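Residue-level structural notes
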Amino acid sequence: MKKVISLVLVFALAFSMVSMSASATVKTECQGDCDTCPAIVVPGIGQSNVWALDKNGDYLLDADGERISAFPAVLNVGSIVLKAIFPVLLTLFFQADIGLSDALCSVLMDAFEVNLCDETTGKNTGNLEVEKYLKSVAECSDYEKEQIYDNIPLIDFAKQAGEDHLYYFAYNSFSNLDNTVAELYDFIQMVLEETGHDKVNIVPISMGGSIADALLEYHPDVMDKLEKVVYIVPALNGSSIVGDLFRKDFAFFDTNFLYNGFLEALMDEEEARMIEVIARIIPDQVLTKALHKVADCLVEDIAANITSLWGLCPKEDYPAASQALLANKPGIKEQTDRFYQAQVDAHANIQTLIDKGVEVYNIVDYDVPLYLIGNSWNNDNADGVIHLSSTAMGVKSALVGETLGDDYVQANTSPNCSDRSHNHLSPDGVVDASTGLLPDHTFYFDGQGHEQTARNDAIIALATRLLATDDIKDVYSVADFPQFSGRRDPRSLNNHYIPEAKAVDTSTLSEEDAKELAEALAEAEAFVANKACYDGQQKEVEDRLIGILVKIGVREAEVPEEPSTFFTNLSLWLFDNYGPNGFSEMPFLTIVNLFKAIGSLFGIK
Ligand SMILES: [Zn+2]
Ligand SMILES: [Zn+2]
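To start, this report covers the structure provided alongside it. (Residues numbered from 1 in each chain as written. Chains lettered and ligands numbered in written order. Predicted model: local features only at pLDDT ≥ 70, side-chain atom pairs only at ≥ 80, totals over all residues. Heavy atoms only, no water.)

Our focus in this paragraph is the pairing of strand β10 (residues 442-446). For β10, a buried count of five out of five residues is recorded, marking the element as mostly surrounded by other parts of the structure. Here β10 shows no split at all, with T442, Y444 and D446 on one side and F443 and F445 on the other all buried. As paired elements, β10 and strand β11 (residues 484-486) share three bridges and run parallel to each other. Within β11, the position partnered with F445 by the bridge is S485. (Buried < 20%, exposed > 50% of the residue type's maximum accessible area, 1.4 Å probe, protein only. Helix = DSSP H or I, 4+ residues; strand = E, 2+ residues; numbered from the N terminus. Pairing = 2+ DSSP bridges.)

In structure tokens form, the structure reads like this:
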């Protein structure tokens, strides 16, 4: 009997210790017993702090003593000048590539050294440190909270659900994808343990979408641990910019475009034209040879070894690109081939999630042309960074600036539309949401640029509501969040125009002005309060309010500066007369003509 009692005691003790240690790891106030699952943000490219270290493992510091970010590269101006000065001078003097392209490659390799990956294993070889938050936001320092909320302002979610229900999975954007996916899998297990919840919500954003592709494929067991997935502008099938990068299909290889159009699409026209004029101090063949060599270096020696970047290569581009770049790198190709399969299976895996009862939502932007870097820039609608069929799960749409046409009939190709009488055509005639995988659960924001997504308060409010409540079941649930809405960022209205309008002493105004101010203010406040809008509505509301504020003397009218057109005219004249040729390739008369042209710009005959 004594034996039995002691055995029971031992068991009881052991059991209580186990339960004690189990409850000791649960850190939430709710102890896992509340209606809101913890949310894990899987952010986008460059949305994690990654610090460059020196050889001793200490932070590299800039002149102000601030840590230096490893993303996207570390530029050391001193060493760049040192490496490039003589090749540049020699190339200029002899008008031939005398070490210029080699020097540029060397500079590029230096800048990316911290982000280089081994060509056998695909693991980072540079000295860097990822600033990770292996804890809930509740346990983060004020500095850490600031980093997190600055990237993804889910502060209202944290207020509603508790900061102990919000987690931020930081990772290196230029790194080993397999490692990152394994870390995310472990992170999810940690969140389950710490919160006491048996399920989590995940929020894959942009590049986070490619990591989610891999997570579902490599760790299908995770599907049973997910309550909701809220995708935000996810790169589920990469970005065609990266596809063009890996296929070396750069738009600037066409010299006619390089000297007329390429830079204008990326920066202020007058600055772009100035660079075009200056670039003519070397012959176009020397310049293009250098550009090709730099591109080879960037793609073959840097990008090809970074498997997380392969995660952004669309599946349509992968077979040819991997054949060309990874034939001699089997260690990397094995990893990227595996990811390719994840990308091919992405929609099927999301369908499995849905079939298992996981709620899957998608928030995307459209009608912003892709950055014109590669030649595929206009093959699909886009949000500036990712093409739309990637973010919106295969959706059919018109190109930016076009419509599907008046005769277009909704195609209804998705199995997930609950009612075929739904109208899934965008009011602007650009998107047929019935062709994406999730017609009833994808929210589209017209004219919204990818990089400003987190500044769109409707998108953040929508994500918050999806994560914190069960109010929204689909795009028909809440009037503020319809399927199609528009770009917005009401910070200027909130911080300047509305407070200024409210502070006006209306007793001093004419009846007419007071009426217009009241109406314009009411319209602005309604715009801020109601999250649904159309692209361009914010500008109308702001212009009206600014207009009356200027009229009554509260604001000064903004006088647009007359833009300078000197280099624009000069560069276009050079291009019209000499195509992409450098100055030394032009006939002697050019110099005479050049002076005449410059004279004519100043009105001298
Ligand atoms: Zn809870
Ligand atoms: Zn539907």
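Don't stop here, the text continues.
Let us now look at the packing of aromatic side chains. Counted according to the given criterion, the structure contains 18 aromatic pairs. Ring geometry for F169 versus Y171: centroids 5.9 Å apart, planes at 20 degrees, classification stacked. Overall, Y171 belongs to the buried group, its relative accessible area being 3%. With 5.6 Å between their ring centres and 85 degrees between their planes, W310 and Y318 make a pair best called edge-to-face. Judged by relative accessible area, Y318 falls into the buried class, the value being 3%. An aromatic cluster of at least three residues, connected via ring pairs, comprises F250, F252, F253, F257 and F262. Taking the ring centre of Y59 as reference, the NZ or CZ of R67 above it sits at 5.1 Å. (Phe/Tyr/Trp six-rings, centres within 6.5 Å; stacked < 30°, edge-to-face > 60°. Lys NZ or Arg CZ within 6 Å of the ring centre and 35° of its normal.)

By definition, the strands of a sheet pair up through backbone hydrogen bonds, in either a parallel or an antiparallel sense. Overall, parallel pairing links the seven strands, which are arranged β4-β1-β5-β6-β7-β10-β11 in an open sheet. The sheet is open, and its two edges are formed by β4 (166-168) and β11, each paired on a single side. Going from strand to strand, the sheet's axes swing by 20 degrees on average, the running direction of each strand aside. When strand β6 (residues 226-232) meets strand β7 (residues 359-366), the two strands line up parallel, connected through five bridges. Counted as the bridge partner of V229 is V360 from β7. Sitting on the sheet, helix α6 (residues 177-195) is in contact with β1 (39-42), β4 and β5 (200-204), with an inclination near 155 degrees to β4. (Axes fitted to C-alpha atoms, helices over the stretch in contact; angles between N-to-C directions. Contact = heavy atoms within 4.5 Å.)

This next bit is on the coordination of the zinc ion (ligand 1). Taken together, C30 (SG), C34 (SG), H165 (NE2) and H197 (NE2) make up the full set of protein donors to the zinc ion (ligand 1), lying 2.1 to 2.2 Å away. The coordination sphere of the zinc ion (ligand 1) comprises four donor atoms, whose angles at the metal cover 101 to 119 degrees; the geometry is tetrahedral. Each donor residue of the zinc ion (ligand 1) belongs to the same chain, with the gaps between them written as C-x3-C-x130-H-x31-H. Remark: H165 occurs in the loop between α5 (155-161) and β4 and C34 occurs in the loop between α1 (2-25) and β1; sequence separation between them is 131 residues. (Donors = N, O, S within 2.8 Å, 3.2 Å for Na, K, Ca; no water. Tetrahedral: all angles 85-135°; square planar, octahedral: opposite > 155°, others 65-115°.)

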